[in-house]
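So you can see what is in the structure, the chains are spelled out below.
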Amino acid sequence: MSRLPDESDFRSRPTKRGSRPRTKQRPEHADAVSGFVIGVDRGRYTLLVGGEDVGGDSSAGADERTVTAMKARELGRTRVVCGDRVGIVSDVSGDAGTLARIVRIEERSSVLRRTADDTDPYERVIVANADQLVIVTALAEPEPRTRMIDRCVVAAYDAGMDVLLCLTKADLADPAPLRALYEPLGVSVVVTRRVPTTDDDWEIEPLDAVRDALAGRESVFVGHSGVGKSTLVNALVPDAGRATGVVNQVTGRGRQTSTSAVALRLPGGGWVIDTPGVRSFGLAHVEVDHLLSAFEDLAEVAAECPRGCTHLDDAPDCALDDWVTASPDAPTRDARAARVESFRRVLASRTGGA
Ligand SMILES: Nc1nc2c(ncn2[C@@H]2O[C@H](COP(=O)(O)OP(=O)(O)OP(=O)(O)O)[C@@H](O)[C@H]2O)c(=O)[nH]1
Ligand SMILES: [Zn+2]
């Protein structure tokens, strides 16, 4: 039996916290058809309907179709976002000019959210059910902003998602320093570069490594303007048709084809969820303990900390420091120190702006 969630249901990471939110029974609409939300535009939702579990399975089913829907009034203010699995009724044919009605949102396995800024108590859900956040960062042009990457990592870990750091433009700069900075956080890293194919053409390599990291997963792509995110998404999803490097003559800024998230099917299986509007994460909603639970080894150690320990550099008697000191040998000590330092860096990045 599905339930009707509201924003307050998603304050804690569903996979790591034991307690389940209350369940509302919804016996009506037993005839509702399942859909996967692949786009949202001003109150109109684009859904994929039909075939075998269209969300999880990337291959198109025989009767798969795109359906436009609106939200039923009974859902109230609950937001429907890209990646949601929903139940729809009325005209679900997908024929031109028809409109279905979303009557329920299935339980979400993850919720990526942000606050407008670090003091704003209002959280906004960006994408539901994704299991990986892909942070696209150029190694140069524009220069990488580690503080922003840190904040993306915090948002992903808070959502219970894995992180893939995609370092682009390796033809311009060495990826080693950033790799060293992020691998101790448990982040996977892929590095891409532009290589010339003919005199006036080029391609991105190695695409296979990126595809492998995305296969069978629902991955949300975020990245600052100019990092090569659209170039990468277009290379991965040939018919994506995202605008690349188009500079608006009036504003001087890159133009976007869309400002809300869209889900794009990967030819090899899996989904890319592109988020053109998301440039930063407000992290007011993130709790220290919640973030710590994404670092299982450290969470175990920190269980010995004094009550109310901030776990930061200046925290008196923080058990993380004892753990580093108590290392049996030098290599272990270096690894533990790097891990604690990385955790403290992202912990500190929660406050003070991007
Ligand atoms: N040297 C180099 N340039 C790249 C690489 N990948 C993309 N670019 C270039 O970087 C510029 C920006 O790429 P886009 O894909 O438009 O960047 P974006 O992140 O989508 O930026 P917005 O469109 O503003 O959101 C373009 O001129 C690309 O050709 C790369 O690996 N190496
Ligand atoms: Zn501590």
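Keep in mind the model is a prediction, meaning the values are calculated, not measured.

> Which residues make up the overall build of the protein, and what values go with them?
Counting its regular elements, the protein contains eight helices and 15 strands. Every one of the 354 residues in the protein was classed for burial, and the buried ones make up 47%.

> Provide a residue-level description of the packing of helix 1 (residues 146-158) against helix 8 (residues 330-349), including the pertinent values.
One way to put it is that helix 1 packs onto helix 8 with a least axis distance of 9 Å and a crossing angle of 90 degrees. Compared by their axis directions, helix 1 and helix 8 come out roughly perpendicular. Residues Arg147, Asp150, Arg151 and Val154 of helix 1 form the contact with helix 8, whose own contacting residues are Arg345, Val346, Ala348 and Ser349.

> Hey, could you go over the side chain of lysine 229 for me, with residue numbers and the actual values?
With respect to the helices and strands, lysine 229 occurs in helix 4 (residues 229-236). Overall, lysine 229 belongs to the buried group, its relative accessible area being 8%. Once residues within four sequence positions are removed from consideration, lysine 229 is found in contact with Val136, Phe221, Val222, Gly223, Asp274, Thr275 and Pro276.

> Give a detailed account of the state of the cysteines, specifying residues and quantitative values.
Each disulfide consists of one covalent bond between the sulfur atoms belonging to two cysteines. Per the counting criterion, the structure on display carries zero disulfides. For cysteine 152, which is in no disulfide, the shortest distance to another cysteine sulfur is to cysteine 166 and amounts to 13 Å. A relative accessible area of 2% places cysteine 152 in the buried class.

> Please give an account of the coordination of the zinc ion (ligand 2) that cites residues and values.
Geometry reference: four tetrahedral donors at a metal, ideal angle 109.5 degrees. Six octahedral donors, ideal angles 90 or 180 degrees. The zinc ion (ligand 2) binds to the protein through Cys305 (SG), Cys309 (SG), His311 (ND1) and Cys318 (SG), with metal-donor distances spanning 2.1 to 2.4 Å. Given four donor atoms and angles of 102 to 121 degrees at the metal, the environment of the zinc ion (ligand 2) is assigned as tetrahedral. Written as a sequence motif, the donor arrangement for the zinc ion (ligand 2) is C-x3-C-x1-H-x6-C. Take histidine 311 and cysteine 318: they sit in the same class, and that class is buried.

> Summarise the environment of phenylalanine 36; cite the residues concerned and give the values.
For phenylalanine 36, the location among the structural elements is in strand 1 (residues 33-41). Under the relative-accessibility criterion, phenylalanine 36 is labelled buried at 0%. Phenylalanine 36 sits 30 residues away from threonine 66 along the chain, and the two C-alpha atoms are 9.6 Å apart.

> Explain the UniProt feature "binding site: Zn(2+)" (unreviewed entry) in the protein to me, using residue names and the numbers behind them.
Those residues carrying the UniProt feature "binding site: Zn(2+)" (unreviewed entry) are Cys305, Cys309, His311 and Cys318 in this numbering. Here cysteine 309 is to be found in the loop between helix 6 (296-302) and helix 7 (319-325). Under the relative-accessibility criterion, cysteine 309 is labelled buried at 15%. With residues up to four places along the chain from it excluded, the contact list for cysteine 309 reads Ala315 and Cys318. Secondary-structure assignment places histidine 311 in the loop between helix 6 and helix 7. When residues no more than four places from it in sequence are discounted, the contact partners of histidine 311 are Val288, Leu292, Ala302, Cys305, Cys318, Leu320, Phe343, Arg344 and Leu347.

Rules used throughout
- Residues numbered from 1 in each chain as written.
- Chains lettered and ligands numbered in written order.
- Predicted model: local features only at pLDDT ≥ 70, side-chain atom pairs only at ≥ 80, totals over all residues.
- Heavy atoms only, no water.
- Helix = DSSP H or I, 4+ residues; strand = E, 2+ residues; numbered from the N terminus.
- Buried < 20%, exposed > 50% of the residue type's maximum accessible area, 1.4 Å probe, protein only.
- Axes fitted to C-alpha atoms, helices over the stretch in contact; angles between N-to-C directions.
- Parallel < 35°, antiparallel > 145°, perpendicular 65-115°, else oblique.
- Contact = heavy atoms within 4.5 Å.
- Disulfide = S-S within 2.5 Å.
- Donors = N, O, S within 2.8 Å, 3.2 Å for Na, K, Ca; no water.
- Tetrahedral: all angles 85-135°; square planar, octahedral: opposite > 155°, others 65-115°.
- UniProt positions renumbered as here; feature names shortened; annotations may be inferred.

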